[in-house]
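# A structural walkthrough
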Amino acid sequence: MTYSLDLRHRVVSFIEEGGSQREAQRLFKISRNTIYRWRTSEDLRPKVHGSRQRKLDKSALKRHVQDHPDAKLCERAVHFGVHTSAIWYALRSMNIVKKSA
């Protein structure tokens, strides 16, 4: 959960105006470590994190599913060099579900 920039400024201002860090913890319901990081940071804005680099290319996986619709999860995992659960999670996130009757 990301705290708003306004809240960050209010917490830091509260402490700078004489309030204790313990009071700020109770009043704003924020952990001691979070308050410490905000006080020592030059910029209070939340950090923007990009998406992680994944080992599994989802577009290649989608093409593989189209080219080999009957392949099993373990076969796809060997093809891409990942664990079977990685294939399962990727397919699930792409809403590609194959259920046999």
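Here is a short report on the structure shown in this document. (Residues numbered from 1 in each chain as written. Predicted model: local features only at pLDDT ≥ 70, side-chain atom pairs only at ≥ 80, totals over all residues. Heavy atoms only, no water.)

Quick look at the packing of aromatic side chains now. On inspection of all chains with the given rule, the structure shows three aromatic pairs. On the numbers, 5.5 Å between centres and 85 degrees between planes, the contact of Y3 with W38 is edge-to-face. Of the two residues, Y3 is situated in the segment before α1 (5-16) and W38 in helix α3 (residues 32-40); the sequence distance between them amounts to 35 residues. Since its relative accessible area comes to 23%, Y3 is described here as partly exposed. (Phe/Tyr/Trp six-rings, centres within 6.5 Å; stacked < 30°, edge-to-face > 60°. Helix = DSSP H or I, 4+ residues; strand = E, 2+ residues; numbered from the N terminus. Buried < 20%, exposed > 50% of the residue type's maximum accessible area, 1.4 Å probe, protein only.)

Close approach of charged atoms lets side chains of opposite charge pair. The tally for this structure, following the rule as stated, stands at two salt bridges. A salt bridge links D6 to R10; the nearest nitrogen and oxygen atoms lie 3.3 Å apart. Of this pair, D6 and R10 both sit in helix α1, four residues apart, roughly one helical turn. The salt bridge involving R45 is made with D43; its shortest N-O contact spans 2.9 Å. You can call D43 partly exposed: its relative accessible area is 35%. (Salt bridge = Lys/Arg side-chain N within 4 Å of Asp/Glu carboxyl O.)

Here we take up α3. Listed as buried for α3 are T34, I35 and W38. One face of α3 carries all of its buried residues, which in axial projection span an arc of 95 degrees. Within α3, the exposed residues directed more than 90 degrees away from the buried face are R32, Y36 and R37. Elements that come into contact with the buried residues of α3 comprise α1 and α2 (21-28). (Arc of directions from axis to C-beta. Contact = heavy atoms within 4.5 Å.)

That's the geometry; what it means functionally is another story.
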